[in-house]
Amino acid sequence: MSKSPARSPNPGAARRSAGRLAAVQALYSMEIGDDSVAQALDHLRERVEGEPRGGMAQPDLDLATFLITGVAADGADLDRLIGAALTRDWTVDRLEAVLRAILRAGSLELKMRPQTPTRVAISEYVDVAHAFYSGPEPGLVNAVLDKVARAVRPDEFAKGGA
């Protein structure tokens, strides 16, 4: 009897995680390369279709598309939410481009996808930050998204659910 390859206990969760990472990469690319939303989505689809998966999950393109288009459409409001969560010494413009992309995507998901539990959303974007940083940046992502979550999902915190 041959063994089947190990499978993730929740392949949908792995696809969503990969989708979040892909969205952050696309948002970063849009910012530094001045790609339009359509160009970023085309590049994302080309990359997903052309890359060998190996053990990696196929990104959830619907989630990635939602995040990319949502950040592009709602960026100013997201930056206000993020700015309010930063210390007085920091502004969104002072953040490094990858951090901005992570915080914008995370803030959008907290604001617009109530089906994603707060703890899950924050944890996912902290994990994305760990993919890029080994210093204090993941802690910053955790702290900022926690404050954003308290602003956009106050009922969860009032009930003690988050």
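Since this is a predicted model, take the numbers as computed values, not measurements. (Residues numbered from 1 in each chain as written. Predicted model: local features only at pLDDT ≥ 70, side-chain atom pairs only at ≥ 80, totals over all residues. Heavy atoms only, no water.)

(A) Representation of the packing of aromatic side chains within the structure. Tallied over the full model, the rule gives zero aromatic pairs. Between arginine 94 and the ring centre of tryptophan 90, over which it is positioned, the NZ or CZ distance is 4.0 Å. (Phe/Tyr/Trp six-rings, centres within 6.5 Å; stacked < 30°, edge-to-face > 60°. Lys NZ or Arg CZ within 6 Å of the ring centre and 35° of its normal.)

(B) Fine view of the nonpolar core. With 43 residues, the main nonpolar core has Ile68, Ile102, Tyr125 and Val141 as its most contacted residues. Looking at this core, the elements that each hand over two or more residues are α1 (11-33), α2 (37-50), α3 (61-85), α4 (97-112), α5 (118-132) and α6 (137-152). Of all the elements, α3 adds the most residues to this core, at nine residues. Leaving out residues up to four positions away in the same chain, isoleucine 102 has contacts with Val24, Tyr125, Val128, Ala129, Phe132, Tyr133 and Val141. (Core = buried A, V, L, I, M, F, W, Y, C linked by side-chain atoms within 4.5 Å. Buried < 20%, exposed > 50% of the residue type's maximum accessible area, 1.4 Å probe, protein only. Helix = DSSP H or I, 4+ residues; strand = E, 2+ residues; numbered from the N terminus. Contact = heavy atoms within 4.5 Å.)

(C) Inspection of α5 at higher detail. With 15 residues, α5 extends 22 Å from end C-alpha to end C-alpha; this agrees with the ideal 21 Å at 1.5 Å per step. Buried positions along α5 lie against α1, α3, α4, α6 and α7 (154-158). (Expected span 1.5 Å × (residues − 1).)

(D) Representation of the confidence of the model for the protein in the model. Put simply, the protein has an average pLDDT of 89, and 89% of its residues get 70 or more. For the protein, the element scoring lowest by mean pLDDT is α7, at 81; α4 scores highest, at 98. Scored below 50 in pLDDT, residues 1-8 shows one contact in the model against residues more than four places distant or in partner chains. (pLDDT = per-residue confidence, 0-100.)

(E) A look at the pattern of salt bridges. This model, assessed by the stated rule, comprises 12 salt bridges. Between glutamate 124 and arginine 20 there is a salt bridge, with the nearest N and O atoms lying 3.3 Å from each other. Remark: arginine 20 occurs in helix α1 and glutamate 124 occurs in helix α5; sequence separation between them is 104 residues. Residue classification places glutamate 124 among the buried positions, given a relative accessible area of 15%. Shared partners join several salt bridges into a network, and the residues in it are Arg20, Glu109, Arg113 and Glu124. (Salt bridge = Lys/Arg side-chain N within 4 Å of Asp/Glu carboxyl O.)

(F) Expanded view of the side chain of serine 107. Position of serine 107 among the secondary structure elements: in helix α4. According to the relative accessible area criterion, serine 107 is buried, its value standing at 0%. Sequence-distant contacts of serine 107, defined by excluding residues within four places in its chain, comprise Leu78, Ile82, Leu145 and Val148.

(G) Structural context of the packing of α4 against α5. Interaxial distance between α4 and α5 falls to 10 Å at its minimum, and their mutual angle equals 165 degrees. The angle between α4 and α5 falls in the class roughly antiparallel. With respect to the hand of their crossing, α4 and α5 are arranged in right-handed fashion. On α5, the residues touching Val98, Ile102, Ala105, Gly106, Glu109 and Leu110 of α4 are Thr118, Ala121, Ile122, Tyr125, Val128, Ala129 and Phe132. Counted by class, the contact of α4 with α5 contains 10 nonpolar, two polar and one charged residues. (Axes fitted to C-alpha atoms, helices over the stretch in contact; angles between N-to-C directions. Parallel < 35°, antiparallel > 145°, perpendicular 65-115°, else oblique. Left-handed = near helix turned anticlockwise from the far one by under 90°. Nonpolar A, V, L, I, M, F, W, Y, C, P; charged D, E, K, R; others polar.)

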